[in-house]
Amino acid sequence: MTDFLFDDHGSVTVLTPLTVAAWDWVAEHIPDDALTFGRGIVIEPRYVSAILENIDLDGLEVGAS
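Residue positions are given per chain, counted from 1 along the sequence in the order it is written. Only residues with pLDDT of 70 or above have their local features reported here, since the model is predicted, and side-chain atom pairs are shown and tallied only from 80 upward, although totals for entire chains, interfaces and linings are computed over all residues. With hydrogens and water excluded, all non-hydrogen atoms of the structure serve as input to the side-chain values.

A short note on the overall build of the chain
Item 1. A run of H or I in DSSP counts as a helix once it spans at least four residues, and a run of E counts as a strand once it spans at least two, with each numbered from the N terminus. Of the regular secondary structure elements, the chain holds two helices and five strands.
Item 2. For the chain, the N- to C-terminal ordering of α and β elements is β-β-α-β-β-α-β.
Item 3. Its C-alpha atoms give the chain a radius of gyration of 11 Å, within 12% of the compact-globule value 11 Å for 65 residues.
Item 4. Each principal axis of the C-alpha atoms in the chain carries an extent, and together these give about 25 × 25 × 20 Å.
Item 5. Accessible area is worked out with a 1.4 Å probe on protein chains only. A residue is then buried under 20% of its type maximum, exposed over 50%, and partly exposed in between. When each of the 65 residues of the chain is scored for burial, the buried share is 34%.
Item 6. We call two residues contacting when some pair of their heavy atoms lies within 4.5 Å. A separation of at least 24 residues holds for 55% of the contacts in the chain among residues at least 6 apart in sequence. It is over C-alpha atoms that the radius of gyration is taken, and the globule rule equals 2.2 Å times the number of residues to the power 0.38.

Rendered as structure tokens:
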């Protein structure tokens, strides 16, 4: 099962948690004041690689839309 949905819109990316494990990961790793778009977290492109790598290292899966 995919834990996150990742949308790349060029200058803006959105990471949307889909499972309880994903929401728990967000609570532990993403600042409370992070910008959101709907249920997703807006991430600057320069941070995407590190965040996706850490999600993978923690055993969660990310799917692209």
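Quick word on the pairing of strand E4 (residues 40-43)
Item 1. For two strands to be treated as a pair, DSSP must find at least two bridges joining them. Note that strand E2 (residues 13-17) and E4 share three bridges and pair antiparallel. For Val-14, the partnering residue across the bridge sits in E4 and is Val-42.
Item 2. Two strands pair when backbone bridges link them, and strand E3 (residues 36-37) and E4 are joined in this way by two bridges, in the antiparallel orientation. The partner of Thr-36 across the bridge, within E4, is Ile-41.
Item 3. Hairpin geometry of E3 and E4 is characterised by an intervening segment of two residues between the two adjacent antiparallel strands and by a positive phi of about 65 degrees at Gly-38.

Considerations on a negative patch on the surface
Item 1. A cluster of acidic side chains, namely Asp-24, Glu-28, Glu-53, Asp-56, Asp-58 and Glu-61, defines a negative patch on the protein surface.
Item 2. Within the residue set of the negative patch, elements represented by two or more residues are helix H1 (20-29) and helix H2 (45-57).
Item 3. Residue placement: Asp-58 occurs in the loop between H2 and strand E5 (62-64).
Item 4. When its relative accessible area of 43% is taken as the criterion, Asp-58 is described as partly exposed. For patch detection, residues must exceed 30% relative accessible area and be free of salt bridges, and they are connected within 9 Å for like charges or within 5 Å for nonpolar side chains (Val, Leu, Ile, Met, Phe, Trp, Tyr). Each accessible area is a Shrake-Rupley estimate made with a 1.4 Å probe; only the visible protein chains count as cover when residues are assessed. The salt bridge definition used is simple: a Lys or Arg side-chain nitrogen within 4 Å of an Asp or Glu carboxyl oxygen. For the charge count, each Lys or Arg is scored as positive and each Asp or Glu as negative, with His and the chain ends excluded. By convention, the charge on Lys lies at NZ, on Arg at CZ, on Asp at CG and on Glu at CD.

Digging into the pattern of salt bridges
Item 1. By the definition in use, this model includes one salt bridge.
Item 2. Across the salt bridge formed by Arg-46 and Glu-44, the nearest N and O atoms sit 2.9 Å from each other.
Item 3. You can call Glu-44 partly exposed: its relative accessible area is 43%.

A short note on the nonpolar core
Item 1. The criterion is simple. A nonpolar core is a set of buried Ala, Val, Leu, Ile, Met, Phe, Trp, Tyr and Cys residues joined through side-chain atoms within 4.5 Å. By size, the foremost hydrophobic cluster in this structure holds 13 residues, and its most contacted members are Phe-4, Leu-15, Trp-25, Ile-51 and Ile-55.
Item 2. Every element with two or more residues in this core is listed here: strand E1 (4-8), H1, E4 and H2.
Item 3. When neighbours within four sequence positions are excluded, Trp-25 is seen to be in contact with Phe-4, Ile-30, Ile-51, Asn-54, Ile-55, Asp-58 and Leu-60.

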